[in-house]
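# Structural description and commentary
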Amino acid sequence: QVQLVESGGGLVQPGGSLRLSCAVSGLTFSTYAMRWSLQAPGKQRELVATIGSSDSTTYADSVKGRFTISRDNAKNTVYLQMNSLKPEDTAIYYCNTRSKVLGSADYWGQGTQVTVSS
């Protein structure tokens, strides 16, 4: 089965840094675009960053210049480097990718909590 496992979250002070990791198994990782999203309590899940199979990247305006998405195809892992963290970055961060099977749900990890103290 396809599995996405996030790690690297934790508690940091404003201005600090974290690097999130997402280990992927059960699919041909290098052919899939990967995404990081966040969800704050009571809020909609929102896209943070995307990296394509060709290494193209996109970012939400709120994180441009602070976050960097990258991938290591040899390790089947996608990363999110988070710098200059702000209290409003506090959320659960999820790794996800689209299923290539028509009619199937997207694949999501379990999430990792990021808390930036105020």
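Heads up: the structure comes first, above all this text.
A brief look at the structure comes next. (Residues numbered from 1 in each chain as written. Predicted model: local features only at pLDDT ≥ 70, side-chain atom pairs only at ≥ 80, totals over all residues. Heavy atoms only, no water.)

Before going further, it helps to spend a moment on the packing of aromatic side chains. Per the counting criterion, the structure on display carries one aromatic pair. When the ring of Y94 is compared with that of W108, the centres are 6.3 Å apart and the planes differ by 85°; the resulting orientation is edge-to-face. Residue Y94 is found in strand 9 (residues 91–97), and its partner W108 is found in strand 10 (residues 107–108); the two are separated by 14 residues along the sequence. Judged by its relative accessible area of 35%, W108 falls in the partly exposed class. Over the aromatic face of W108 sits the side chain of R45, whose NZ or CZ is 4.5 Å from the ring centroid. (Phe/Tyr/Trp six-rings, centres within 6.5 Å; stacked < 30°, edge-to-face > 60°. Helix = DSSP H or I, 4+ residues; strand = E, 2+ residues; numbered from the N terminus. Buried < 20%, exposed > 50% of the residue type's maximum accessible area, 1.4 Å probe, protein only. Lys NZ or Arg CZ within 6 Å of the ring centre and 35° of its normal.)

This brings us to the environment of S117. Within the element layout of this structure, S117 appears in the segment after strand 11 (112–116). Using a relative accessible area of 27% as the deciding quantity, one classes S117 as partly exposed. A C-alpha to C-alpha distance of 13 Å links S117 and L18, two positions 99 residues apart in sequence.

Membership of the largest hydrophobic core comes to 27 residues, with the highest contact counts inside it found for M34, W36, V48, V78, L80 and Y93. Of all elements in the fold, only strand 3 (18–25), strand 4 (34–39), strand 5 (46–51), strand 7 (67–72), strand 8 (77–82), strand 9 and strand 11 reach the threshold of two or more residues within this core. Beyond its immediate sequence surroundings of up to four residues, M34 is in contact with L4, V24, F29, A49, T50, I51, I69, R71, V78, C95, N96 and T97. (Core = buried A, V, L, I, M, F, W, Y, C linked by side-chain atoms within 4.5 Å. Contact = heavy atoms within 4.5 Å.)

On to the state of the cysteines, then. Applying the stated criterion to the full structure yields one disulfide. For C22, the disulfide goes to C95, at an S-S distance of 2.2 Å. A torsion of -80° about the S-S bond marks the disulfide between C22 and C95 as left-handed. With a gap of 73 residues between them, C22 in strand 3 and C95 in strand 9 connect regions that are remote in the sequence. The exposure classification of C22 matches that of C95, with both residues buried. (Disulfide = S-S within 2.5 Å.)

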